[in-house]
Amino acid sequence: MMIKKTDKKLVVGLEIGISKVSVLIGEILPNDMINIIGFGNNPSHGMNKSGVNNLESVVKCVQLAIDKAELMAECQISSVYLAISGKHISCQNEIGIVPISEDEITQYDVDNVIHIAKSVRMHDEHRILHVIPQEYTIDYQEGIKNPIGLSGIRIKAKVHIITCHNDIAKNIIKVVERCGLKVDQLIFSGLASSYSVLTQDERELGVCVADIGCGTIDIAIYTNDSLRYTKVIPYAGNIVTSDISYAFSITPSDAETIKINYGCALGTIISNNENIEVQSIDGQPPKSLQRQILAEVIEPRYTELLNLINNEILKLQGKLRNQGIKHNIDAGIILTGGGSQINGLIECAKKVFQTKVRISNPLNITGLTDDIQKPYYSTTVGLLHYGKQTYLINKSEINKNISISSFFQKVTNWLRKEF
């Protein structure tokens, strides 16, 4: 399918982030699980919040990550599901209405009404990434998830549309093509993360997923098993690192190491007498630093980032309430991504959101899980789950076509015998 290797059903996910490139190769198993058989990581150079800013650098980083994954999985990659994020991502909810063509609704009617719903004016220079149905209405019957086979006069579809800037998309696709690979599909990172960390119950109850990366926070909010809102906040873990670097006059790389190893998003859970050693920027002997003081730099910035997420939730809830749509987020907030791996974050987040909060690793994977079951792999694992769903949908379409053609073949054979 996507890899030249035996007859295994394999799928590849590629995320090109600001700080790292990660590649995962997974085998689709029959029980909704994905078996991870290879992975490759590499530090990322040539990317910023706006996308690719040095093509050659990014191509080299991606090629190295791909080589590592191929070596581990003992196969050759031919195409990938590719993540995209950045502040250029935007979303809108739209409606389409069409008359029903026959006595009952067919796939043709569903395709037709979704086509009408997405035929709206986009932002200039933008292209559609995803059109995700939320629910259908047939005449006066609302909240239908699958309308096929039902009867009525007209059908209405509500859809969630995610768009991205066309040139930014072209540039990130160009990176993959320069590595000799094809892009199966471009997928919004926040949507991919939601595929890897959410359960069906959480989507139905209402939930917000916030993937805190290095340069951006990707948000996806579901209520009543429908995606209602997606957003990219162009601030994330690297501004915390910048604050540490500035406050203690140390290099950004030392600041990042200290943040990961000793950082805490809530100062009150640290004992006052814990000290750490910090390298000086000017070659002077290392200096001692209290962890409590480090937390006093980190906590306000994380609180600010979490409040940005909370503001988006409150804004959406107000809109949904006015439209009479279920707006509660009863399953709470799920934090994931590399920036969620800091001590004290759950306690800090509960103070901001005033609801339940959990930090999630990717779900429904097997194989090389010791390395992969970490929050910073949520997007890449989500790409595999997205690819798995696409494969299963295509497979069922192929099977349908095969059964239809075999039926006609039988009819043809019977007619030949009769005449």
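Look up a bit, the structure's there.
Below is a summary of the structure that appears in this document. Keep in mind that what you see is a predicted model, and the values were worked out from it rather than measured.

**Examining unusual backbone geometry**
- Even without being glycine, Glu 74 reaches a positive phi, approximately 55 degrees.
- Within the secondary structure layout, Glu 74 lies in the loop between α1 (55–73) and β7 (76–77).
- Positive phi, normally seen in glycine, also occurs at Glu 125, with a value near 65 degrees.
- By the element assignment, Glu 125 lies in the loop between α2 (107–118) and β10 (126–138).

**A short note on the sheet that holds strand β12 (residues 154–165)**
- Reading across the sheet, the four strands line up as β9-β12-β10-β11 and stay open at both edges, with antiparallel pairing between neighbours. With one partner strand each, in any of the chains shown, β9 (90–99) and β11 (141–144) form the two edges of the open sheet. Averaged over all pairs of adjacent strands, the angle between strand axes in this sheet comes to 35 degrees, irrespective of strand direction.
- Inspection of the sheet shows β10 paired to β12 by 11 bridges, in the antiparallel sense. Paired with Glu 135 across the two strands is Lys 158, which belongs to β12.
- Lying on the sheet, α2 is in contact with β9, β10 and β12; it crosses β9 at an angle near 130 degrees.
- Where helix α3 (residues 166–178) meets the sheet, it contacts β10 and β12, and its direction lies at approximately 65 degrees from that of β12.

**Focus on the sheet that holds strand β14 (residues 207–212)**
- Pairing within the open sheet is mixed, and its five strands lie in the order β16-β15-β14-β19-β20. A single partner strand is all that each edge strand has here, and the edge strands are β16 (226–233) and β20 (357–359). Neighbour to neighbour, the strand axes of the sheet diverge by 15 degrees on average, direction disregarded.
- As paired elements, β14 and strand β15 (residues 217–223) share six bridges and run antiparallel to each other.

**Quick notes on the nonpolar core**
- Leu 14, Ile 16, Val 62 and Leu 82 are the most contacted members of the largest nonpolar core, which totals 66 residues.
- No other element matches α1, which puts eight residues into this core.
- Listed in part, the 41 residues of the second largest apolar core include Ile 212, Ile 221, Ala 236 and Leu 316.

**Some words on the pattern of salt bridges**
- Under the defined criterion, the tally for this structure stands at 14 salt bridges.
- For Glu 56, the salt bridge identified is with Arg 178, shortest N-O distance 2.4 Å. With Glu 56 in helix α1 and Arg 178 in helix α3, the pair connects residues that are 122 residues apart, well separated along the chain.
- Among the residues examined, Arg 178 registers a relative accessible area of 44% and is labelled partly exposed.
- Residues Arg 203 and Asp 225 are paired through a salt bridge, measuring 3.7 Å at the closest nitrogen-oxygen approach. You can see Arg 203 sitting in helix α5 (residues 200–205) and its partner Asp 225 sitting in the loop between β15 and β16, a full 22 residues away along the chain.
- Among the charged side chains, a salt-bridge network with shared partners connects Glu 135, Lys 145, Lys 158 and Arg 228.

About the thresholds
Throughout, residues of each chain are indexed from 1 in the direction in which the sequence is written. Under the rules for a predicted model, residues below a pLDDT of 70 receive no local features and side-chain atom pairs below 80 are neither given nor counted, while totals for whole chains, interfaces and linings still include all residues. Side-chain numbers come from the whole structure's heavy atoms, not from hydrogens or water. Labels follow the DSSP assignment, with helices taken as runs of H or I lasting at least four residues and strands as runs of E lasting at least two, numbered in each case from the N terminus. A strand pair is defined by DSSP finding two or more bridges across the two strands. To obtain each axis, a line is fitted to C-alpha atoms, and for helices this fit is confined to the stretch in contact; angles are then taken between N-to-C directions over 0 to 180 degrees. The contact definition used throughout considers only heavy atoms, calling two residues in contact when any of these lie within 4.5 Å. Working definition of a nonpolar core: buried Ala, Val, Leu, Ile, Met, Phe, Trp, Tyr and Cys residues. They are joined through side-chain atoms within 4.5 Å. Each residue is assigned to one of three classes by its accessible area relative to the maximum for its type, calculated with a 1.4 Å probe on protein chains only: buried under 20%, partly exposed between the two thresholds, exposed over 50%. Every case where a carboxyl oxygen of Asp or Glu lies within 4 Å of a side-chain nitrogen of Lys or Arg is listed as a salt bridge.

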